[in-house]
Amino acid sequence: MNGTGGDAGGAVETADVIVVGAGPGGSATAAYLAMAGLDVLLLEKTAFPREKVCGDGLTPRAVRELITLGVPTPEEDGWIKNHGLRIIGGGMRLSLPWPDLASFPPYGLVRTRQDFDDILARHAVKHGARLRERTNVTGPVLDDRTGAIVGVKAKLVDDDGRATGAEVTFRAPLVVAADGNSSRLSLSMDRPKRDDRPMGVAVRTYYTSPRHDDDYLESWLELWSTNDAGEKILLPGYGWIFGVGDGTSNVGLGILNTSKAFGKVDYKDVLQRWVQSMPEEWTYNESTMTGPVRGAALPMGFNRQPHYDRGLLLVGDAGGMVNPFNGEGIAYAMESGRLAADVIAQAFARQGDAGRERVLQSYPRVMKDALGGYYTLGRGFARMIGNPEVMRLAVKYGLPRTTMMRFLLKVMANLAEPHGGDASDRLINALSKMAPAA
Ligand SMILES: Cc1cc2nc3c(=O)[nH]c(=O)nc-3n(C[C@H](O)[C@H](O)[C@H](O)COP(=O)(O)OP(=O)(O)OC[C@H]3O[C@@H](n4cnc5c(N)ncnc54)[C@H](O)[C@@H]3O)c2cc1C
């Protein structure tokens, strides 16, 4: 079905599926679709390799997705392994190894997005996806009769995002929005964000540091700010230090919008004051910063829905799929890409439009079954820690209890064994199943 043909308005390229955005969600979707024998166009407005604001941390859940997708991660190619999470707070340091489970590898990784997104996009191309970089999608092409999306319009741009040529049109009976948090494509199809879902803000930078090869991810639970009355308040979120292995550490913080302080806090200032409190020999200071502090939003708990309607299917940040417990988004972008590709492949095997549409309509339910109950729990958690007193008590009384922290690590990183497992796995699964799917 692929090909380039003439259209009244200029060149038109066609495919079975168009995927807009080649972040981890889009590239995973495109790779799986190509593996299933579909003709896929993967449209990306930037050109790889390129920077992407991120903590660069991959938990075992994300590593599992890389393994399933078939992306090799050998240490000699710069994939830095970590063996657990070190939690710092309430005057304590607690090192918790990743749980040893049948369903997840016992290690995480760190890889900058500069490389990571490039590797995933190339992986999709290797499997047959047609990647078009410097292709900025500007809007949908709609079917006059049904109002469904049947393609997209795009501008070819240079590395600074400036248009370099005429508008191009791409056509396909199905379009996947994998264009990240702002998802302009979803907006243009009347799918705005839901305000009743938690949202995070995160900022990060890199410093050269002797701690660059730390083999634990590190998270600091006490981030302080001052309220209008000048009192110190504990913010709902955490700071991270992730060793990148190339001489630098990725240091940043993420904060939830569930506290009164949200929107009034200068996050860069909180970051600066936090790193100033660290030992000098770690060399996290202005003279070792290798780039500016950059930030972006974390769309959580399915904050954009429905995940499929009128020919447009959402994966990753476009569908608000960041985990409200820990701010992790890469694993979920890749997981939703995998689940979406499975539904799409089944849909394209059906005869006729009605049969195909019925299968595509099942995708929102598939996502709810996979993550809906867990994200409902996450929303409750986000609301709870928005109260500085709850956050303070959690740090004070939770951290000294190692067994409880081990359990919380499983909850917050979503690392429960889905079948069997120990009592903690069964409890997490039961709670996720009991909670209404968000
Ligand atoms: C500071 C910070 C730290 C974070 N740390 C972590 C972490 O350590 N671990 C983790 O798992 N998650 C982390 N996250 C979350 C993670 O970055 C996202 O959840 C993840 O990138 C989502 O992947 P995605 O593919 O859905 O979207 P994105 O990665 O945002 O990719 C979207 C792609 O679409 C492209 N695009 C956008 N608009 C268009 C258009 N109009 N036309 C064509 N292309 C377009 C973009 O250029 C981009 O390549 C962090 C986020 C922030 C802000």
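Residues numbered from 1 in each chain as written. Predicted model: local features only at pLDDT ≥ 70, side-chain atom pairs only at ≥ 80, totals over all residues. Heavy atoms only, no water.

Undergrad: Help me understand the sheet that holds strand β6 (residues 80-82), please; the structure alone is not making it clear to me.
TA: The pairing of strands in a sheet happens through backbone hydrogen bonds and is either parallel or antiparallel. Here we have 3 strands laid out as an open sheet, ordered β5-β9-β6, and antiparallel in their pairing. One side of each edge strand has no neighbouring strand; the edge strands of this open sheet are β5 (57-58) and β6. In the sheet, β6 pairs with strand β9 (residues 108-110) via 3 bridges, with the strands oriented antiparallel. Residue pairing in the sheet places N82 in a bridge with G108 of β9. (Pairing = 2+ DSSP bridges. Helix = DSSP H or I, 4+ residues; strand = E, 2+ residues; numbered from the N terminus.)

Undergrad: Can you help me understand the environment of P106 in this one?
TA: With respect to the secondary-structure elements, P106 resides in the loop between β8 (92-97) and β9. Separated by 291 residues in sequence, P106 and Y397 place their C-alpha atoms 27 Å apart. Dropping the residues within four chain positions of it, P106 is found in contact with H83, W98, P99 and D100. (Contact = heavy atoms within 4.5 Å.)

Undergrad: How do you make sense of the site of the ligand when you look at a structure like this?
TA: Surrounding the ligand, one finds 37 residues, the nearest of these being E44, R50, K52, G55 and D317. One of the side-chain N or O atoms of K52 is found 2.7 Å from an oxygen atom in the ligand. With the chains in place, 93% of the 1000 Å² that the ligand exposes on its own is no longer accessible. Of all the secondary structure elements, the ones that give two or more residues to the shell around the ligand are α1 (24-35), β11 (135-142), β19 (237-243), β21 (294-299) and α6 (330-348). Looking at the shell around the ligand element by element, the count peaks at 3 residues for β11. In terms of residue class, the shell around the ligand is made up of 16 nonpolar, 12 polar and 9 charged. (Near = heavy atom within 4 Å. Polar contact = N/O pair within 3.5 Å; in protein donor to acceptor, adjacent residues only side chain to side chain. Areas by Shrake-Rupley, 256 points an atom, 1.4 Å probe, with all protein chains shown as cover. Nonpolar A, V, L, I, M, F, W, Y, C, P; charged D, E, K, R; others polar.)

Undergrad: Could you clarify how one ought to interpret the nonpolar core in this entry?
TA: Taken as a class, soluble globular proteins show a tendency for nonpolar side chains to be buried jointly. Membership of the largest hydrophobic core comes to 90 residues, with the highest contact counts inside it found for V17, V19, L66, I344 and Y363. The element contributing the most residues to this core is α6, with 11 residues. Every residue in contact with V17, bar those within four places of it in the chain, is listed here: L33, L38, D39, V40, L41, A172, L174, V176, I344 and F348. Judged by nonpolar contacts, the second largest core, of 22 residues, contains V203, W220, L223 and M278. (Core = buried A, V, L, I, M, F, W, Y, C linked by side-chain atoms within 4.5 Å. Buried < 20%, exposed > 50% of the residue type's maximum accessible area, 1.4 Å probe, protein only.)

These results come straight from atomic positions and should not be treated as a statement about function.
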